Amino acid sequence: MNRLKILIVASEVVPFAKTGGLADVAGALPKTLFSLGHDVRVVMPRYYVVDRQKYSLQPIEGELGVPMGSMGEMWCGAYEGKLPNSDVPIYFIEHEGFFGRKGLYNDGHYSYGDNDNRFVFFSKAAMQLCKKIDFKPDILHANDWHTASLPILLNTSFANDEFFEKTASILTIHNLQYQGHFYKGLMDVMGVPWEEFNPLSLESFGGVNLLKGGITHCDMLTTVSPKYAEEIQTKAFGWGLEHHIQGHSHKLIGIINGIDYDEWSPSCDSYIKATFSADDLSGKAECKQALQQQFGLIERDDVPLIGFVGRLAEQKGIALVAHVIGGLMHLDLQIVLLGAGEMWAERFFSDIVNRYPDKFACYIGYNNAIAHQIEAGSDFFLMPSLFEPCGLNQLYSLSYGTLPIVRATGGLDDTIENYDPKTGEGTGFKFEFATGDALYGTVKWAVDTWYENPEHIIAMKKRAMKQHFGWDDSAKDYEKVYYYALGKRRG
Ligand code: ADP
Ligand code: GLC
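What you are looking at is a predicted structure, and each value in this text was computed from that prediction instead of being measured. (Residues numbered from 1 in each chain as written. Chains lettered and ligands numbered in written order. Predicted model: local features only at pLDDT ≥ 70, side-chain atom pairs only at ≥ 80, totals over all residues. Heavy atoms only, no water.)

Undergrad: Quick rundown of the side chain of His 217? Include the residues and the values.
TA: Structurally, the position occupied by His 217 is in helix H6 (residues 210-217). Apart from the residues within four sequence positions on either side, His 217 is in contact with Pro 151, Ile 152, Asn 155, Thr 156, Ser 169, Glu 196, Ser 201 and Lys 251. (Helix = DSSP H or I, 4+ residues; strand = E, 2+ residues; numbered from the N terminus. Contact = heavy atoms within 4.5 Å.)

Here's what the structure looks like:
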C-alpha cells in the first residue's frame, strides 16, 4: 500500500482548542494514521486560546495570500508545531481579525456574524499553506460545515490548479444539525461559479449551504457511526438534507470514532484520586468518595451515583432530564452534572442544586479535570441524547467502568449493548423513545438493578472496561476510504 499524504483540516483540535468531540477526533485520528505509515498533517485556526509558547509553535516564514473573491486578497501568517506526544505536524492559520477572539464560534451565547468569511478564509488558507510548505496532498480531509468549502473549492476555483490535480477530498459529518447556512453573496467571496448556486449543489432556501455543497462535491462522505449514516437519510434526523444525502448515499459510510486511551484510561489518569482497573476496582470507590466530597454530596458508597458531562444543548436531551428531575430526586440516587451551554439549562440545573443539595450537584462551565473525575467516580453515566452522531462520553464511561444510560440513537446505539436481566449480559441501559417517561423508567431500571442485582452491576462494569474502542480499526477504515476516493479521482 502507498504512503498517503493526508491533510486533515478541522476547526478545533485537542489539546489546542476544543468545544466538543470534533477536537478529540481531530487530535487522535492523525496519530493513528501516522503510525500506519502515512504522511499526515493537521491544520486549524490559531485562535486566541491557542498558546504559542506552551506548545512551542514556530512561525512559518513569510505570509500567505488568500484570495477572498469580492473581498480581495487577504493575508495571514502560519505557525507550525507537533501534536503532543507525536511527530504529527500541525499548522495554525494566524489572522488576528478573524481568530484573535475569545470564542471559537461565538461570544459565549451568540454566533459571530462573520463565521462565513472566517471559515471560508480558513479553508482557503489551508490550501494556500499546502503550496507554501510544498505539501501536495493526496487527500484533503474536511470536517463539518466549517471546512466543507474545501471539496467545493477543489472542484471549482481550484479545478485547474495543477498543484491539486491529483488531490481527492473526504468530508466527515460530525453533526448534521450545523450546516453553515449563509447569504448568497458568499458565492462571490468563495469565488465559486454561480452555476453551482442550484439546489443540487449548494443552494438552499435562497442561500448558500456549505455542508450541502461539501456533500455534493466530496469524493467520499463519512459520518461517525454506521447507525447515524442510516439516520441522516431520514426526515427525523436529516435536518432538511435527507433527500440530498440519499442522493449521495453511494459515497457515504459510517465509521465509529475511537478514543484516545492515553488520555482516558483509569489505570493512568493523572486527574483522578486513585487509579484502577477491571481486576481491581478499589480505586474507583476512592474516586467516588472524592467526587461526593468535592461536590458536597452525602458520602455513601451504597448509593448509585450518576454522572452527566456534555454541552447543555437540546441535542443532549437536557430538556428530558429537566422534565423528570423532580421524579428522579425521589429515588435513592445522586447526580453530578458538568456542562455549559443554553442559558435556561445553566440556570435550571443550578437551581436544582439549591433544592436537593444532598443529591444533586453541578458545575456549570467547561473543565476537563472534572470531566475525568466524573467519569471515574460515577457508577452510571447519563446520555439521553435526542440524536448522537457518535458520542465519546459513553466510550470514556465504558473505559472507567461507568455504565452508560443512553437513548438508542446513532453511535450510542452502535456502542452500548443493552442489559439483559436474565443473563446479566450488557454494558449499559438503553431506551428507544425520546420521552421523559422512557428516560425516567430507564434510570429507575438501572437504579433498581443496582440495589437488587449488584452482582450483575459489578460484572457489567468489568465487561464495560474490557470493551475496546481504540482508533486502530477505525483508522484502517478511513485508510480504505482514502484509497477509494483516490481511485475514483484518478480513475
Ligand atoms: P459533542 O461533540 O456532541 O459535544 P461528544 O460526546 O462527542 O459530544 O464529545 C464531547 C467532548 O467534550 C467530550 O470529550 C467531553 O468530555 C467534552 N465536554 C463536553 N462538555 C464538557 C464540559 N463542560 N467540561 C469538560 N469537558 C466537556
Ligand atoms: C459531534 C457529535 C458527537 C461526535 C463528535 C465527534 O460533535 O455531536 O456525537 O462524537 O462530533 O465526531
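Undergrad: Would you mind going over the pattern of salt bridges in detail, with residue names and values included?
TA: A full pass over the atoms with the stated rule returns 19 salt bridges. The partner of Arg 490 in a salt bridge is Asp 138, and the shortest N-O contact between them spans 2.9 Å. With Arg 490 in helix H17 (residues 471-490) and Asp 138 in the loop between helix H3 (115-132) and strand S7 (139-143), this pair connects stretches of sequence that are 352 residues apart. Among the salt bridges present, the one from Asp 448 reaches Lys 444, with a minimum N-O distance of 3.0 Å. (Salt bridge = Lys/Arg side-chain N within 4 Å of Asp/Glu carboxyl O.)

Undergrad: I'd like a rundown of the packing of aromatic side chains, residues and numbers included.
TA: For the structure shown, the criterion picks out 28 aromatic pairs. Taken together, a centroid distance of 5.5 Å and an interplanar angle of 80 degrees make the contact between Phe 119 and Trp 145 edge-to-face. Separated by 26 residues along the polypeptide, Phe 119 in helix H3 and Trp 145 in the loop between S7 and helix H4 (149-155) bring together distant segments of the chain. What makes Trp 145 buried here is its relative accessible area of 9%. Through pairs of rings, three or more aromatic residues link up here, namely Tyr 47, Phe 98, Phe 99, Tyr 105, Phe 119, Phe 121, Phe 122, Trp 145 and Phe 182. Sitting over the ring of Tyr 112, Arg 101 keeps its end group 4.7 Å from the ring centre. (Phe/Tyr/Trp six-rings, centres within 6.5 Å; stacked < 30°, edge-to-face > 60°. Buried < 20%, exposed > 50% of the residue type's maximum accessible area, 1.4 Å probe, protein only. Lys NZ or Arg CZ within 6 Å of the ring centre and 35° of its normal.)

Undergrad: So what about the site of ligand 1? Which residues, and what values?
TA: Around ligand 1, the structure places 22 residues, and the nearest of them are Lys 18, Gly 21, Arg 311, Lys 316 and Gly 365. Here Lys 316 contributes a side-chain N or O atom positioned 2.7 Å from an oxygen atom of ligand 1. At a separation of 3.2 Å, an oxygen atom of ligand 1 approaches a polar side-chain atom of Asn 393. Coverage of ligand 1 by the protein chains reaches 94% of its 560 Å² of free accessible surface. Elements with a minimum of two residues in the shell around ligand 1: helix H1 (21-35), strand S14 (305-312), strand S15 (334-341), helix H12 (368-377) and helix H13 (393-399). (Near = heavy atom within 4 Å. Polar contact = N/O pair within 3.5 Å; in protein donor to acceptor, adjacent residues only side chain to side chain. Areas by Shrake-Rupley, 256 points an atom, 1.4 Å probe, with all protein chains shown as cover.)

Undergrad: So what's going on with the site of ligand 2? Residues and values would help.
TA: Lining the immediate environment of ligand 2, one finds 14 residues, of which His 174, Asn 257, Glu 388, Cys 390 and Gly 391 sit closest. Within the side chain of Asn 257, an N or O atom sits 2.8 Å from an oxygen atom of ligand 2. If one sorts the elements of the shell around ligand 2 by residue count, H1 sits on top with three residues. Summarising the domain contributions, the shell around ligand 2 has at least three residues from each of domain 1 (5-258 + 471-489) and domain 2 (282-465). (Domains from an automatic or database assignment.)

Undergrad: Before we move on, could you go through the domain arrangement of the protein chain and cite the residues and values that matter?
TA: Each domain of the protein chain was delimited in the assignment, giving domain 1 (5-258 + 471-489) and domain 2 (282-465). Spacing between the C-alpha centres of domain 1 and domain 2 amounts to 33 Å. Across the boundary between the two partners, domain 1 contributes 20 residues, which contact 19 residues of domain 2. Summed over both partners, the interface of domain 1 with domain 2 comes to about 1,500 Å²; 56% of that surface belongs to carbon and sulfur atoms. Ranking the residues of domain 1 by area buried against domain 2 places His 109, Lys 227 and Phe 237 at the top, with a combined share of 28%. Taken together, the links from domain 1 to domain 2 amount to one salt bridge. Asp 413 is the salt-bridge partner of Lys 227, the closest N and O atoms lying 2.8 Å from each other. For the interface between domain 1 and domain 2, the tally reads eight residue pairs in polar contact (both at pLDDT 80 or more). If one sorts the elements of the side of domain 1 that touches domain 2 by residue count, helix H7 (residues 226-231) sits on top with four residues. (Buried area = accessible area lost by both parts, 1.4 Å probe.)

Undergrad: I'd love a proper account of the packing of H1 against H17, names of residues and values included.
TA: Across the interface, H1 lies against H17 with an axial gap of 9 Å and an inter-helix angle of 80 degrees. By the angle class used here, H1 and H17 are roughly perpendicular. Contact residues: Val 25, Ala 28, Leu 29, Thr 32 and Leu 33 in H1; Trp 471, Asp 472, Ala 475, Tyr 478 and Tyr 482 in H17. The class makeup of the residues in the contact of H1 with H17 is eight nonpolar, one polar and one charged. (Axes fitted to C-alpha atoms, helices over the stretch in contact; angles between N-to-C directions. Parallel < 35°, antiparallel > 145°, perpendicular 65-115°, else oblique. Nonpolar A, V, L, I, M, F, W, Y, C, P; charged D, E, K, R; others polar.)

Undergrad: Tell me about the sheet that holds S14, residues and numbers included.
TA: The strand order across the open sheet built from six strands is S16-S15-S14-S17-S18-S19, with neighbouring strands paired in parallel fashion. Of all strands in the sheet, those bounded by a partner on one side alone are strand S16 (360-364) and strand S19 (429-431). Along the sheet, successive strands turn relative to each other by an average axial angle of 15 degrees, direction set aside. Direction of pairing for strand S17 (residues 380-383) relative to strand S18 (residues 403-407): parallel, over a ladder of four bridges. The residue of S18 that forms the bridge with Met 383 is Val 406. With respect to the sheet, H12 is in contact with S14, S15, S16 and S17, its orientation differing from that of S14 by roughly 150 degrees. (Pairing = 2+ DSSP bridges.)

Undergrad: Before we move on, could you go through unusual backbone geometry and cite the residues and values that matter?
TA: Here the residue pair Val 14 and Pro 15 is connected by a cis peptide bond, since its omega of 5 degrees sits within 30 degrees of zero. In this structure, Pro 15 sits in the loop between strand S1 (5-9) and H1. One non-glycine residue with positive phi stands out, namely Ser 56, at about 45 degrees. Summarising the element assignment, Ser 56 is placed in the loop between strand S2 (39-45) and strand S3 (58-59). Accessibility expressed as a relative area gives 48% for Ser 56, which makes it partly exposed. Positive phi, normally seen in glycine, also occurs at Asn 85, with a value near 55 degrees. With respect to the helices and strands, Asn 85 occurs in the loop between strand S5 (73-82) and strand S6 (89-94).

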